[in-house]
Amino acid sequence: MSTALRIGVEARLRQHVERIALAHPPIDVASVDFTVRDPTALRGRYGPVLAYMARVELEVERNVLELETLIPNPPEIDRHFYQDVWHPQEERHGQILDELHRHLGGVPEPADLTSVSVKLKVLGALGHLESMQDVSRMLYYMTGMATERSAVLAYNLLHDGVLELGEDAVARTVLAPIRRQEPGHYAFYLMSARGLWNELSPWQRWLTRRMRSQSFSPVGVSNDVQRARFGDVIGRLGIDRDLDGFAAQVIRAERELLWARDHGLPVPEYVTRAFREAVVVAHAVGENETDGGSAPAAAPGAPSSTAST
């Protein structure tokens, strides 16, 4: 990419970040109406969904630590975005969803706010080499795009489902404001990814494809317990009725960038495999609990890397 084009991309990113910061400050908790007509029905249908989303949003605190580890010398616009815009918006999402879930009498999922995996620390050490840091940045943008796209689709389905239950206050003052803020985050990752991809050398592109295919994980999944809970969320939102279609929407921009050379590839296999595994684990856990067993113990795993919703 020429210097002029790079400057143009950076200028558009700065304008975009400032625009979403002004248009979408963290949601004012005072504007939220937690009135619920039928708490039992809402909790029964969507309680686990609210708990999962609240936990993922609150873990933005850890995500920032992961980013600071993974990318030791980020572009200033990246740091400004994730520290000053993305973090406070997402943290407020988590606080509001957590309060709603507690208001329904639900038990919150524990949020991991501090741990950074050894794998990310190793990548961060390599990131002091500029060529490797560019690969890490590309992985960050890929994760961000998939995460935000998943969030938009999930919040749309949850919003519509809550409206069907007649819970207008929750739909209007909780879910609608949250889902309005997610597309701006997605656009930041998309613009950043397109700009950086054009600068990568062939070996950097190969390494990005290789590492992405081995590390992809659904948002908020780092162990088998969370994988089962993600699978349960998929079922409660009705996503399991067209899992391939959902995966295709989540990964659309990533496929166009990383896999454009593979004509006719609708969805990379590592994406559909990750979603299907979550559904299988969720079903297995449900059957185990029905038979009087218990949910599987948490198994350590690589975090779903660097970006919450």
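Just above sits the structure.
Anyway, here's the lowdown on the structure attached to this text. (Residues numbered from 1 in each chain as written. Predicted model: local features only at pLDDT ≥ 70, side-chain atom pairs only at ≥ 80, totals over all residues. Heavy atoms only, no water.)

A closer look at the overall build of the protein chain
Item 1. Secondary structure summary: the protein chain contains 12 helices and zero strands in total.
Item 2. When its helices and strands are written in sequence order, the protein chain yields α-α-α-α-α-α-α-α-α-α-α-α.
Item 3. The buried share of the protein chain, taken over its 309 residues, is 51%.
Item 4. Put simply, 86% of the contacts in the protein chain that link residues at least 6 apart link residues at least 24 apart. (Helix = DSSP H or I, 4+ residues; strand = E, 2+ residues; numbered from the N terminus. Buried < 20%, exposed > 50% of the residue type's maximum accessible area, 1.4 Å probe, protein only. Contact = heavy atoms within 4.5 Å.)

Observations concerning the environment of Val17
Item 1. The topology assignment puts Val17 in helix 1 (residues 3-23).
Item 2. Judged by relative accessible area, which is 0%, Val17 ranks as buried.
Item 3. Linking Val17 and Ile77, residues 60 residues apart in sequence, is a C-alpha distance of 8.1 Å.
Item 4. Dropping the residues within four chain positions of it, Val17 is found in contact with Ile77, His80, Phe81, Val85 and Phe188.

Describing the pattern of salt bridges
Item 1. Scanning all chains against the criterion turns up 13 salt bridges.
Item 2. Across the pair Glu164 and Arg45 runs a salt bridge whose closest N-O atoms are separated by 3.5 Å. You can see Glu164 sitting in helix 6 (residues 130-164) and its partner Arg45 sitting in helix 2 (residues 39-58), a full 119 residues away along the chain.
Item 3. Take Arg45: its relative accessible area is 31%, and that puts it in the partly exposed class.
Item 4. With its nearest N and O atoms 2.9 Å apart, the salt bridge here joins Arg236 to Asp232. Residue Arg236 and its partner Asp232 are located together in helix 9 (residues 224-236), separated by four residues, close to a single helical turn.
Item 5. A residue is classified by how much of its surface remains accessible, and Arg236, at 30% relative accessible area, is partly exposed.
Item 6. The exposure class of Asp232 is partly exposed, given its relative accessible area of 30%.
Item 7. A cluster of three or more residues bridged by salt bridges with shared partners is formed by Arg55, Glu59, Arg62, Glu66 and Glu109. (Salt bridge = Lys/Arg side-chain N within 4 Å of Asp/Glu carboxyl O.)

Side note on helix 4 (residues 76-103)
Item 1. Its 28 residues give helix 4 an end-to-end C-alpha distance of 39 Å, which sits within 8% of 40 Å, the value for a rise of 1.5 Å per residue.
Item 2. At Trp86, helix 4 shows its strongest bend, of approximately 40°, with the proline Pro88 following within four residues.
Item 3. Positioned one or two residues after helix 4, Gly105 has a phi angle of 90°, which is positive. (Expected span 1.5 Å × (residues − 1). Bend = angle between axes of the 7 residues up to and from the residue.)

What to know about the packing of aromatic side chains
Item 1. Evaluated as defined, the whole model comprises 11 aromatic pairs.
Item 2. Put simply, the rings of Tyr52, Phe216, Phe230, Phe246, Trp259, Tyr270 and Phe275 pair up and form one aromatic cluster.
Item 3. Sitting above the plane of the Tyr52 ring, Arg55 keeps its charged end 4.8 Å from the centroid. (Phe/Tyr/Trp six-rings, centres within 6.5 Å; stacked < 30°, edge-to-face > 60°. Lys NZ or Arg CZ within 6 Å of the ring centre and 35° of its normal.)

Shape is all these values report; function is a separate question.
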